[in-house]
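Geometric and topological summary
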Amino acid sequence: MPSLTVEELLARVSVLPPEQARQIVRQIDQCRRLLGTRAGMDAVQQHLKDQGISVIQAMFITTRLLGNDHPNKLRAARKIVESSPARRRSAP
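Rules of the game
- Residues numbered from 1 in each chain as written.
- Predicted model: local features only at pLDDT ≥ 70, side-chain atom pairs only at ≥ 80, totals over all residues.
- Heavy atoms only, no water.
- pLDDT = per-residue confidence, 0-100.
- Helix = DSSP H or I, 4+ residues; strand = E, 2+ residues; numbered from the N terminus.
- Axes fitted to C-alpha atoms, helices over the stretch in contact; angles between N-to-C directions.
- Parallel < 35°, antiparallel > 145°, perpendicular 65-115°, else oblique.
- Left-handed = near helix turned anticlockwise from the far one by under 90°.
- Contact = heavy atoms within 4.5 Å.
- Salt bridge = Lys/Arg side-chain N within 4 Å of Asp/Glu carboxyl O.
- Buried < 20%, exposed > 50% of the residue type's maximum accessible area, 1.4 Å probe, protein only.

1. Topic: the confidence of the model for the protein
Residues at a pLDDT of 70 or more form 79% of the protein, whose mean pLDDT is 83. At the level of individual helices and strands, the protein shows its lowest average pLDDT in helix α1 (residues 6-12), which scores 62, and its highest in helix α3 (residues 41-50), which scores 95.

Listed below in structure tokens is the structure:
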């Protein structure tokens, strides 16, 4: 599934500043390419964390990576992000 253009993303989420929409679209494309190298979703989540992407934005990006035919995309994305080794808090 191709990424939304910046204009399409802005039309759907009108409160998003244009530069933030562009950043999210770039991240979706980068993550899709990373998945295309057979890297797993944990590698994608590590990439997002390394790029300083918040948990909420990571969930949004992950929903786009799951595709339209995935049931309960938001729930699945939340589980993927929250259970990712990149997002787990290390023990003190």
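2. Comments concerning the packing of helix α4 (residues 55-66) against helix α5 (residues 73-83)
With their axes 8 Å apart at the nearest point, α4 and α5 run at an angle of 125° to one another. With respect to α5, the element α4 is oriented oblique. Crossing angle aside, the handedness with which α4 passes α5 is right-handed. Contacts between α4 and α5 involve Val 55, Ala 58, Met 59, Thr 62, Thr 63 and Leu 66 from the first element and Lys 73, Leu 74, Ala 76, Ala 77, Arg 78, Ile 80, Val 81 and Glu 82 from the second.

3. A look at the pattern of salt bridges
Tallying each qualifying case throughout the model produces 3 salt bridges. Among the ionic pairs, Arg 22 bridges to Glu 19, the shortest N-O distance being 3.6 Å. With Arg 22 and Glu 19 both in helix α2 (residues 18-36) and 3 residues apart, this pair spans about one turn of that helix. Of the residues examined, Arg 22 reaches a relative accessible area of 37% and is grouped as partly exposed. Judged by its relative accessible area of 47%, Glu 19 is partly exposed. One salt bridge connects Glu 19 with Arg 26, and the closest N-O pair in it is separated by 3.1 Å. On the basis of relative accessible area, Arg 26 is assigned to the partly exposed category, the value being 40%. The network of salt bridges with shared partners includes Glu 19, Arg 22 and Arg 26.

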